Amino acid sequence: MRHEMLHGIDAVIFDMDGSLVDSMWMWRAIDIEYLGRFGIPLPEDLQSRIEGMSFGETALYFKKHFGIPDSVEDIKETWNRMAWDKYIYEVPLKEGIPEFLNGCRDNGIALGIATSNSRELAENVAGTHRLRDYFTCIVTGSDVERGKPAPDIYLEAARQLKADPDKCLVFEDIVAGILAGKNAGMRVCAVEDAYSAQDADRKRKLADYYIHTYFHLF
């Protein structure tokens, strides 16, 4: 496997939710359940408000905006518990990921994850799907100063992968993430995901490439 978009690429960096695993639906369900515990209905524009925020930034937003009485750390711990079983039993890999990861490894391309999610859940996903050996690094939003669309998380992943940003290819499913990759000076492939279907046209315009599944890279 050596798809044209991999020409001149030394490292591939994946966003996790919606790009590596099919999990974006799950977070809407968790938001509905969590806010429901406090008698708060889910605002329809919530996703657009928190898009790109790190796990901690999102917890802080919930605490301040919705007046959640729990501490930020307690909010994060609750979300981790709520998500844990779903990631293990209900969240599949995006189509074609195992084959694509094997192809990258066979071609000497370094692999990393750059996710706004928590480290606990990122490590859980990698372990559940036996992906840990593929990835040189897992960078989370708590490891950098600014969340997406700032380039920080992708630049840190490139540093850990020992790759020049202009020789990195990013896979992202949301607009803020695509912008983060572009702001880092990297090439970006937008990944189709039902959760961001309303942004499909904008994703196509912002990214260098667009795929429906990773099987399109063979």
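Here, every reference points to the structure presented above.
Conventions we followed
- Position labels on residues start from 1 in each chain and follow its written sequence.
- Where totals are concerned, whole chains, interfaces and linings use all residues; where local detail is concerned, this predicted model gives features only for residues with pLDDT of at least 70, and gives and counts side-chain atom pairs only at 80 or more.
- Excluded from the side-chain calculation are hydrogens and water; included are all heavy atoms of the structure.
- Strands are runs of DSSP state E lasting at least 2 residues, helices are runs of H or I lasting at least 4, and numbering of each runs from the N terminus.
- Note on method: radius of gyration uses C-alpha positions; expected globular size equals 2.2 Å times residues raised to 0.38.
- The cut-offs for exposure are 20% and 50% of the maximum accessible area for each residue type, with area from a 1.4 Å probe on protein chains only; residues under the lower value are buried, those over the upper are exposed, and the others partly exposed.
- Working rule for contacts: check all heavy atoms of both residues, and any pair within 4.5 Å makes them a contact.
- All accessible-area figures derive from a Shrake-Rupley calculation using a 1.4 Å probe, and residue coverage is judged against the displayed protein chains alone.
- Pairs of N or O atoms within 3.5 Å make up the polar contacts considered here, provided that, within protein, one atom can donate a hydrogen while the other can accept it, and that residues adjacent in sequence are counted only when both atoms are side-chain atoms.
- Axis lines are fitted through C-alpha atoms, for helices just across the contact stretch, and the angle between N-to-C directions can take any value from 0 to 180 degrees.
- Every angle not falling under 35 degrees, over 145, or within 65 to 115 is termed oblique; those three ranges are roughly parallel, roughly antiparallel and roughly perpendicular.
- Two helices that cross are described as forming a left-handed crossing if the nearer one is turned anticlockwise from the farther one by less than a right angle, and a right-handed crossing if clockwise.
- By the convention adopted, Pro, Cys, Tyr, Trp, Phe, Met, Ile, Leu, Val and Ala count as nonpolar, Lys, Arg, Asp and Glu as charged, and the other residues, Gly among them, as polar.

Student: Before we go on, may I ask you to explain the overall build of the chain in this structure?
Tutor: The helix and strand tally for the chain stands at 9 helices and 6 strands. At 17 Å, the chain has a C-alpha radius of gyration in line with the 17 Å of a compact globule built from 218 residues. The principal-axis extent of the C-alpha atoms belonging to the chain is close to 50 × 35 × 30 Å. Looking at the chain residue by residue over its 218 residues, the buried ones come to 54%. Long-range contacts, defined as pairs at least 24 residues apart, comprise 67% of the intrachain contacts of the chain with a sequence gap of at least 6. With an accessible surface of roughly 9800 Å², the chain has 48% of that area assigned to carbon and sulfur atoms.

Student: What exactly am I supposed to notice about the side chain of Asn-117 here?
Tutor: Its location among the elements puts Asn-117 in the loop between β2 (110-115) and α6 (119-128). Owing to a relative accessible area of 6%, Asn-117 belongs among the buried residues under this scheme. Only 2.9 Å separates the side chain of Asn-117 from the side chain of Asp-17, close enough to count as a polar contact.

Student: Help me out: how do you make sense of helix α8 (residues 175-183) in this one?
Tutor: Since one α-helical turn is 3.6 residues long, residues separated by three or four positions face the same way. Buried residues of α8: Val-175, Ala-176, Gly-177, Ile-178, Ala-180 and Gly-181, and no others. Just downstream of α8 lies Gly-185, where phi reads positive at about 80°.

Student: What's the story with the packing of helix α1 (residues 24-36) against helix α4 (residues 72-89) in this structure? I'm lost.
Tutor: In a packed pair of helices, the relevant descriptors are the angle between the two axes and the axis-to-axis distance. Following both chains from N to C, one finds α1 and α4 inclined at 130°, their axes separated by 11 Å at the closest point. Relative to α4, α1 is oriented oblique. The element α1 and its partner α4 pack so that their crossing is right-handed. Contacts between α1 and α4 involve Met-26, Trp-27, Ile-30, Glu-33 and Tyr-34 from the former and Ile-75, Thr-78, Trp-79, Met-82, Ala-83, Lys-86 and Tyr-87 from the latter. Looking at side-chain class alone, the contact of α1 with α4 contains 9 nonpolar, 1 polar and 2 charged residues.

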